[in-house]
Amino acid sequence: MTSDDEIALLADADRRARAWTAGIGRGERRVFPSTESVARLDSFAEPFPTAGRPAAETIAMLDEIAGAGVVASNDPRYFGYVVGSTLPVAAAAERIASAWDQCASSFDNSPAAHVLETRAGRWVLDALDLPTGSAVGFTTSATAGAVTALTAARRRLLERQDWDVDRRGLAGAPRIRVVISAQAHITVVRALRVLGFGLDTIERVPVDEYGRVDATQMPELDDTTLVVLQAGEVNTGEFDPFDDVIPAARRAGSWVHVDGAFGLWARASRTHRHLTSGIDGADSWTTDGHKWLNTPYDSAMVIVRDAPALSDAMNSDASYLTGTADSQKNLTLEFSRRARGIPVWAALRTLGSEGVEDLVDTCIANAQYAAVRLRGSDLTVVNRCVLNQVLVRADTPDQTVAVRERVVHGGRTWFGPSVWQDQPAFRISVSSWRTRRSHMDDLVTELLTPLPRAPQT
Ligand SMILES: *Cc1c(COP(=O)(O)O)cnc(C)c1O
């Protein structure tokens, strides 16, 4: 391929990408693809070609066939899974960073990526008001961040018991107790499982009616204990009582980790930060960029107060590639990776602290607005709606499922099913910068359209 062909291919891809985004702006896309578009994805069941196919044809096929089968999670009417959409500046920065193809492992691999990610990490601490000097690693996900933070935590807790886990391994090591919420996110449980904490050995603290850890039922804590709390329960959006748990846990010498995949961002809002009161006393935190901060996927942060605890645990200095302790390859699982902190930097610089606050406040206000409107209807809002989650039920479990299916099959909006306290519900997450009050009105109208009557027999 000549240089001209390369540029023409990229221009074609960019034109297609822009057309897709413009379609979102005009509100003309289905939010979840039609059955016919999904069926067309069968076209991809081709044998692996012997002779390669033309690049332009591959891009056309991608855009025209796969493009019709994607979920418009960038749409203001998409309310699924707290995943939000992408801010224009984050998408634009991503475009440029992708052309640069940086390996953001260390200064030597990319001075620009190192400087930008270091700055983005500082601003994340500012935005979330977490202790200055904490290490910030840019991970693929909150899940990967949890694996990373809990690895550092276990290593430190063992070190305090004179056990060098790097040399001696886990066999025969002193026991580390793990205390988590009964409503801990499944990915936290998986992170623990991956690290070899047997599920039967994990102590689960009962929660109150809102899904928050019941502080009165916390077990005795000590300096062999890893405690995991949560900011933003996925169904209710509620926060564990950090002020009641963290100071005592730290006094006992436990390590406290907080899963704040989306809820940590409440801290960026002066109106809502009280929900996170005391959270800054923890030892480590994970949060996503790709949810509420509206950066592209593969964007999350692991934050550890004791910076060397993270950089020692994750150190990957090699004879041919050493780096400072703040090199990203010494803070995350990856050795080579794209500069995923660049869109975070671009988003934070463009929003400023006021813009982040406005994004958070607007999403919460819109969720609460929908909740107020639904409360006067035949549907039941199950949660208190303290954050950006609205958990809804109809009169019966069957009707709950039917209402959701009717609405999402219409293609004009999408939100996910859930189960809360053993009963079906559905969950509306308001996490996109694009979503306005009018979209909430449209959603409520769709929800309140009566179900078609069952045929009389
Ligand atoms: C989404 C989510 C996670 C996992 O985050 P990923 O980035 O998808 O790995 C963990 N905890 C909570 C509360 C979440 O909402």
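My aim in this report is to walk through the structure given alongside it, one point at a time. Keep in mind it's a predicted model, so treat the numbers as computed, not measured.

Thresholds applied
- Residues numbered from 1 in each chain as written.
- Predicted model: local features only at pLDDT ≥ 70, side-chain atom pairs only at ≥ 80, totals over all residues.
- Heavy atoms only, no water.
- Core = buried A, V, L, I, M, F, W, Y, C linked by side-chain atoms within 4.5 Å.
- Buried < 20%, exposed > 50% of the residue type's maximum accessible area, 1.4 Å probe, protein only.
- Domains from an automatic or database assignment.
- Contact = heavy atoms within 4.5 Å.
- Helix = DSSP H or I, 4+ residues; strand = E, 2+ residues; numbered from the N terminus.
- Arc of directions from axis to C-beta.
- Phe/Tyr/Trp six-rings, centres within 6.5 Å; stacked < 30°, edge-to-face > 60°.
- Lys NZ or Arg CZ within 6 Å of the ring centre and 35° of its normal.
- Pairing = 2+ DSSP bridges.
- Axes fitted to C-alpha atoms, helices over the stretch in contact; angles between N-to-C directions.
- Polar contact = N/O pair within 3.5 Å; in protein donor to acceptor, adjacent residues only side chain to side chain.

Topic: the nonpolar core
No. 1: Ranked by size, the top nonpolar core spans 72 residues in total, and within it Leu 229, Trp 265, Ile 303, Leu 387, Phe 415, Ile 428 and Leu 447 carry the most contacts.
No. 2: Of the domains in this structure, domain 2 (92–348) and domain 3 (352–448) are the two that each give at least three residues to this core.
No. 3: Leaving out residues up to four positions away in the same chain, Ile 428 has contacts with Phe 79, Asn 388, Gln 389, Val 390, Val 392, Phe 415, Leu 443 and Leu 447.
No. 4: Listed in part, the 33 residues of the second largest apolar core include Ile 180, Leu 195, Leu 226 and Val 228.

Some points on helix H9 (residues 242–251)
No. 1: Among the residues of H9, those classed as buried are Phe 242, Val 245, Ile 246 and Ala 249. Around the axis of H9, the buried residues are gathered within 90 degrees of arc, so they sit on the same side. Projecting away from the buried face of H9 at angles above 90 degrees are the exposed residues Asp 244 and Arg 251.
No. 2: Next to the buried residues of H9 lie strand E4 (225–230) and strand E5 (255–259).
No. 3: Immediately beyond the C-terminal end of H9, within one or two residues, lies Gly 253, with a positive phi of roughly 90 degrees.

Some thoughts on the packing of aromatic side chains
No. 1: Under the defined criterion, the tally for this structure stands at four aromatic pairs.
No. 2: An angle of 20 degrees between the planes, with centres 6.1 Å apart, marks the rings of Phe 32 and Trp 414 as stacked. Of this pair, Phe 32 sits in the loop between helix H1 (3–25) and helix H2 (35–40) while Trp 414 is found in the loop between helix H12 (397–409) and strand E10 (416–420), placing the two residues 382 residues apart along the sequence.
No. 3: Since its relative accessible area comes to 33%, Phe 32 is described here as partly exposed.
No. 4: For the pair Tyr 78 and Trp 414, a centre-to-centre distance of 5.8 Å together with 10 degrees between the ring planes defines the contact as stacked. In this pair, Tyr 78 is assigned in the loop between helix H3 (55–64) and helix H4 (88–100) and Trp 414 in the loop between H12 and E10, connecting sequence segments 336 residues apart. By the burial criterion, Tyr 78 is buried, and Trp 414 matches it.
No. 5: In this structure an aromatic cluster arises from ring pairing among Phe 32, Tyr 78, Tyr 81 and Trp 414.
No. 6: For the cation-ring pair, Arg 384 lies above Tyr 210, with the distance from its terminal atom to the ring centre recorded as 3.7 Å.
No. 7: Looking at Arg 437, its charged tip hangs above the ring of Tyr 369, at a distance of 4.2 Å from the centre.

Describing the sheet that holds strand E3 (residues 203–205)
No. 1: Within the open sheet, the seven strands sit side by side as E1-E7-E6-E5-E4-E2-E3. Their pairing is mixed. Since the sheet does not close on itself, it has two edges, and those belong to strand E1 (135–139) and E3, each with one partner. Here the strands of the sheet are splayed against their neighbours by 20 degrees on average, with no regard to which way each runs.
No. 2: Relative to strand E6 (residues 284–288), E5 is paired through three bridges, and the arrangement is parallel. Bridge pairing links His 257 to Ser 284 in E6.

Here we look at the side chain of Asn 235
No. 1: Note on placement: Asn 235 falls in the loop between E4 and H9.
No. 2: Of the polar contacts made by the side chain of Asn 235, one reaches the side chain of Ser 418; its length is 2.5 Å.
No. 3: Every residue in contact with Asn 235, bar those within four places of it in the chain, is listed here: Asn 383, Gln 389, Leu 391, Ser 418, Val 419, Trp 420 and Arg 427.

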